[in-house]
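# What the coordinates show
Single-letter residue listing:
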Amino acid sequence: MSDMDEMTINLLLVGRTQSGKSAAGNKLLGSFDFDSHLSPSSVTTCCSLGCSCRIPGFTRRNGHELALRVHVLDTPGYPHSSLSKEEVLQAVKEALAQHFGDEGLHLVLLVLRADLPLCEEENDRTIQLVQELLGPTWKNFTAVLFTHADKVQEAGLLADEYFHIASSTLLNLLSSIQQRYIFIDNQGNTLHQERKIVLRKLMEFIRQNSYQVLLVK
Ligand SMILES: Nc1nc2c(ncn2[C@@H]2O[C@H](COP(=O)(O)OP(=O)(O)OP(=O)(O)O)[C@@H](O)[C@H]2O)c(=O)[nH]1
Ligand SMILES: [Mg+2]
């Protein structure tokens, strides 16, 4: 909380390289802060913080109307095409301490491509990284952010059907984080209204977690 009439939410993006982390960060911020493009090598090689403009009258808390500010920490993917696991871990730990060391972290967004199967080996690697970053309470602060929702839609898959045929690895992951997930399409032009819907859903996850923050010093 940064002001009496304003709330700031601190978000961390993690996930495999080229999953759409930076594009998702831009969408959440309503900006183009992060370099995002198709590449046969990892684009993001260091952590960077993006801060949104103030969104007036976004939410209410204890009977008061509050504006919202969004802080997003974009990170190098893991596995990465040129950084080792230790290098990614070190970079993210330092950035977390630098940017969210005082205020804490509200939510980790584990970015997965909705159009690719989640396999056990990949999931184990990512979860291990998240655990090493955040400690044993990581599950309370993690939500899955599915990118490439446009591809799923193009394939004519509805949400029920998607989860009916999804891998057991994915279903187990979602169950372990109390079904906190959101689908986004980073491809088209982001409408202001669409961004608000995504942010409202994230705020709901944060509210359900009693606005707790994870201290990452
Ligand atoms: N169709 C579609 N393409 C997407 C979506 N999200 C990201 N992309 C594309 O995927 C590619 C990689 O996106 P990035 O945002 O750079 O992904 P990243 O995870 O930050 O990648 P690294 O920094 O290399 O680890 C880009 O060409 C994006 O346009 C999406 O929701 N739908
Ligand atoms: Mg990136």
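Described in the following lines is the structure provided in the data block. Since the structure is predicted, the reported quantities are computational estimates derived from the model, not experimental observations.

This part takes up the overall build of the protein. Scanning the protein for helices and strands turns up 7 helices and 7 strands. Reading the helices (α) and strands (β) of the protein from amino to carboxyl end gives β-α-β-β-β-α-β-α-β-α-α-α-β-α. A globule of 217 residues ought to have a C-alpha radius of gyration of about 17 Å, and the protein, at 16 Å, matches this closely. Counting only C-alpha atoms, the protein reaches 45 × 40 × 30 Å along its principal axes. Looking at the protein as a whole, 35% of its 217 residues are labelled buried. Pairs at least 24 apart in sequence give 76% of the contacts found in the protein among residues at least 6 apart.

Moving on, we come to unusual backbone geometry. Here the residue pair Tyr-78 and Pro-79 is connected by a cis peptide bond, since its omega of 0° sits within 30 degrees of zero. Topologically, Pro-79 is positioned in the loop between strand 4 (64-74) and helix 2 (85-100). With a phi angle near 50°, Asn-62 is a residue other than glycine that sits in the positive phi range. Assignment of secondary structure puts Asn-62 in the loop between strand 3 (55-61) and strand 4. In this structure Asn-62 comes out as exposed when scored by C-beta crowding, with 5 C-beta atoms within 10 Å. You will see that Gln-179, though not glycine, has its phi angle at about 60°, which is positive. Along the chain, Gln-179 turns up in the loop between helix 6 (168-176) and strand 7 (181-183). Of the residues examined, Gln-179 has 11 C-beta atoms within 10 Å and is grouped as exposed.

This brings us to the site of ligand 1. Close to ligand 1 lie 22 residues, the nearest being Gly-20, Ser-22, Ser-36, Thr-44 and Gly-77. Taken together, the elements giving at least two residues each to the shell around ligand 1 come down to helix 1 (21-29) and helix 4 (149-154). A per-element tally of the shell around ligand 1 places helix 1 first, with 3 residues. For the shell around ligand 1, the per-class residue count stands at 3 nonpolar, 15 polar and 4 charged.

Moving on: the nonpolar core. Counting residues in each nonpolar core, the largest one holds 52 residues, and the members touching the most others are Val-108 and Leu-109. Setting aside chain neighbours within four positions, we find Leu-109 in contact with Leu-11, Leu-12, Leu-13, Ala-143 and Leu-145.

When the terminal C-alpha atoms of helix 7 (residues 192-208) are compared, their 24 Å separation across 17 residues agrees well with the 24 Å that a helix rising 1.5 Å per residue should span. Among the residues of helix 7, Leu-199, Leu-202, Met-203, Phe-205 and Ile-206 are the ones counted as buried. Across the axial projection of helix 7, the buried residues extend over an arc of 155°, all falling on one side. When the buried face of helix 7 is taken as reference, the exposed residues oriented beyond 90 degrees from it are Gln-193, Ile-197, Arg-200, Arg-207 and Gln-208.

Remember that side chains alternate between the two faces of the sheet whenever the strand is regular. Bridge analysis of strand 1 (residues 6-15) against strand 4 gives 7 bridges, and the strand direction is parallel. By the bridge assignment for strand 4, Asn-10 is matched with His-71. In this sheet, strand 4 lies alongside strand 2 (residues 48-51) in antiparallel orientation, the contact comprising 4 bridges. Residue pairing for strand 4: Cys-51 is matched across the bridge by His-71. Bridge analysis of strand 3 against strand 4 gives 4 bridges, and the strand direction is antiparallel. Within the sheet, the bridge partner assigned to Thr-59 lies in strand 4 and is Leu-66. Between strand 3 and strand 4, which pair antiparallel and follow one another directly, the connecting turn spans 2 residues, one of which, Asn-62, has a positive phi of 50°.

Taking 1.5 Å of rise per residue, 16 residues should cover 22 Å, and helix 2 covers 21 Å from first to last C-alpha, within 8% of that figure. Among the residues of helix 2, Val-88, Val-92, Ala-95, Leu-96, His-99 and Phe-100 are the ones counted as buried. End-on view of helix 2: buried residues confined to an arc of 105°, all on one side of the axis. Exposed side chains of helix 2 directed beyond 90 degrees from the buried face belong to Glu-86, Gln-90, Ala-97 and Gln-98. As for helix 2, its buried residues are in contact with strand 1, strand 2, strand 4 and helix 3 (120-134).

Rules behind the numbers
Residues numbered from 1 in each chain as written. Chains lettered and ligands numbered in written order. Predicted model: local features only at pLDDT ≥ 70, side-chain atom pairs only at ≥ 80, totals over all residues. Helix = DSSP H or I, 4+ residues; strand = E, 2+ residues; numbered from the N terminus. Rg over C-alpha atoms; globule rule 2.2 N^0.38 Å. Buried ≥ 20, exposed ≤ 12 C-beta atoms within 10 Å, placed from the backbone. Contact = placed C-beta atoms within 7 Å. Near = placed C-beta within 6 Å. Nonpolar A, V, L, I, M, F, W, Y, C, P; charged D, E, K, R; others polar. Core = buried A, V, L, I, M, F, W, Y, C linked by C-beta atoms within 7 Å. Expected span 1.5 Å × (residues − 1). Arc of directions from axis to C-beta. Pairing = 2+ DSSP bridges.

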